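# Fold and geometry: a report
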Amino acid sequence: MANEAKPCPCDIGDRMEYGGLGQEVQLEHTKAYVVKPSTASDKAIIVIQDIYGWQLPNTRYMADMLAANGYIAVCPDFYVGKEPWSPSHDWSKFQEWLEDKKPTNINKEVDVVLRFLKEQCGAKHIGAVGFCWGGVATHYLALQYAEVKAGVSVYGIIREREDRYELKSPTLFIFGEKDEVIPLDQVSALEAKLKEKCTVDYQVKIFPGQTHGFVHRKREDINPTDKPSIQMSRTDMLNWLNKYM
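Residues numbered from 1 in each chain as written. Predicted model: local features only at pLDDT ≥ 70, side-chain atom pairs only at ≥ 80, totals over all residues. Heavy atoms only, no water.

### Details of the sheet that holds strand E7 (residues 171–176)
Strands sit in the order E1-E2-E4-E3-E5-E6-E7-E8 across an open sheet of eight strands; the sheet is mixed. Edge positions in the open sheet fall to strand E1 (23–27) and strand E8 (202–207), since each of these has one partner strand only. Within this sheet the neighbouring strands show an average axis-to-axis angle of 20°, counted without direction. By the bridge criterion, six bridges tie E7 to E8 in an arrangement that is parallel. Its bridge partner lying in E8, Thr 171 is registered against Tyr 202. (Pairing = 2+ DSSP bridges. Helix = DSSP H or I, 4+ residues; strand = E, 2+ residues; numbered from the N terminus. Axes fitted to C-alpha atoms, helices over the stretch in contact; angles between N-to-C directions.)

Below you can see the structure in the form of structure tokens.
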């Protein structure tokens, strides 16, 4: 074994604790949390953070889950070292904070991650999953990167681009019915416009009673009432990726 080709930096040990399945690696000008499945795979998912940043345990847990289902998962720091949002921050300053962290201004980082996955991890099929800010970013990738073969945008919509319905790759959009960040009228408008303009497969799914952030809730924060919806949303995510990758 020692004489075989040098392993991908995303090779992992056999630690199984929550949040400890992968490791942080330097990817050119940014960093990423990378976790590999237990058996070799040429399928990879770019896991895109929410406003709380790439080190949030919730998001890393989703990367771990994807790896447990056979995908190389990479969760890059799309804020490139800038401070993520914090629940203690003043929400009146949110737009100001967002100014240099637009989810539609990530091409440089995406290109770095794609190079890493293809050249160092041997990925031949690449998808994207993103939450909140990352849901918007995933929607953006579906418009810009035909090589990203499937996307799951979780509570995120691009609102400002004219071409936002012209998806290049099959995309599943997941929303919560009680999401205060994305009201249902915006979800309905998205679905209507996709039906009119989109030429690839898509699905818009709304989970009754669910609020923003439900899909990537930490396991210790999942109550029995919400558990079926959370499990179903994750199953839908995996089924979508499996279907198109």
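Don't stop here, the text continues.
### Considering the UniProt feature "domain: Dienelactone hydrolase" (unreviewed entry) in the protein chain
Taking the UniProt record as the reference, the feature "domain: Dienelactone hydrolase" (unreviewed entry) is found at residues 31–244. Taken end to end, residues 31–244 comprises 35% helix and 20% strand; its first and last C-alpha atoms sit 28 Å apart. (UniProt positions renumbered as here; feature names shortened; annotations may be inferred.)

### As for helix H5 (residues 184–197)
Counted at 1.5 Å a residue, the expected span for H5 with its 14 residues is 20 Å, and the 20 Å between its end C-alpha atoms agrees. Buried residues of H5: Val 187, Leu 190 and Leu 194, and no others. Seen end-on, H5 carries its buried residues on one side only, within an arc spanning 60°. Looking at H5, the residues exposed on the side facing more than 90 degrees away from the buried face are Asp 185, Lys 195 and Glu 196. Against the buried residues of H5 lie helix H4 (133–144), E7 and E8. (Expected span 1.5 Å × (residues − 1). Buried < 20%, exposed > 50% of the residue type's maximum accessible area, 1.4 Å probe, protein only. Arc of directions from axis to C-beta. Contact = heavy atoms within 4.5 Å.)

### Re the packing of aromatic side chains
For the coordinates displayed, the defined rule picks out 12 aromatic pairs. Between Trp 85 and Trp 91 the ring centres are 5.0 Å apart and the planes differ by 50°, which places this aromatic pair in the tilted class. Note on Trp 85: relative accessible area 4%, which makes it buried. Using a relative accessible area of 48% as the deciding quantity, one classes Trp 91 as partly exposed. Seen in terms of ring centroids, Trp 240 and Tyr 244 are 5.0 Å apart; in terms of plane orientation they differ by 50°. Their pairing is tilted. One end of the pair is Trp 240 and the other is Tyr 244, both in helix H6 (residues 227–244) and four residues apart, which spans about a single turn. Residue classification places Trp 240 among the buried positions, given a relative accessible area of 6%. The exposure class of Tyr 244 is partly exposed, given its relative accessible area of 24%. (Phe/Tyr/Trp six-rings, centres within 6.5 Å; stacked < 30°, edge-to-face > 60°.)

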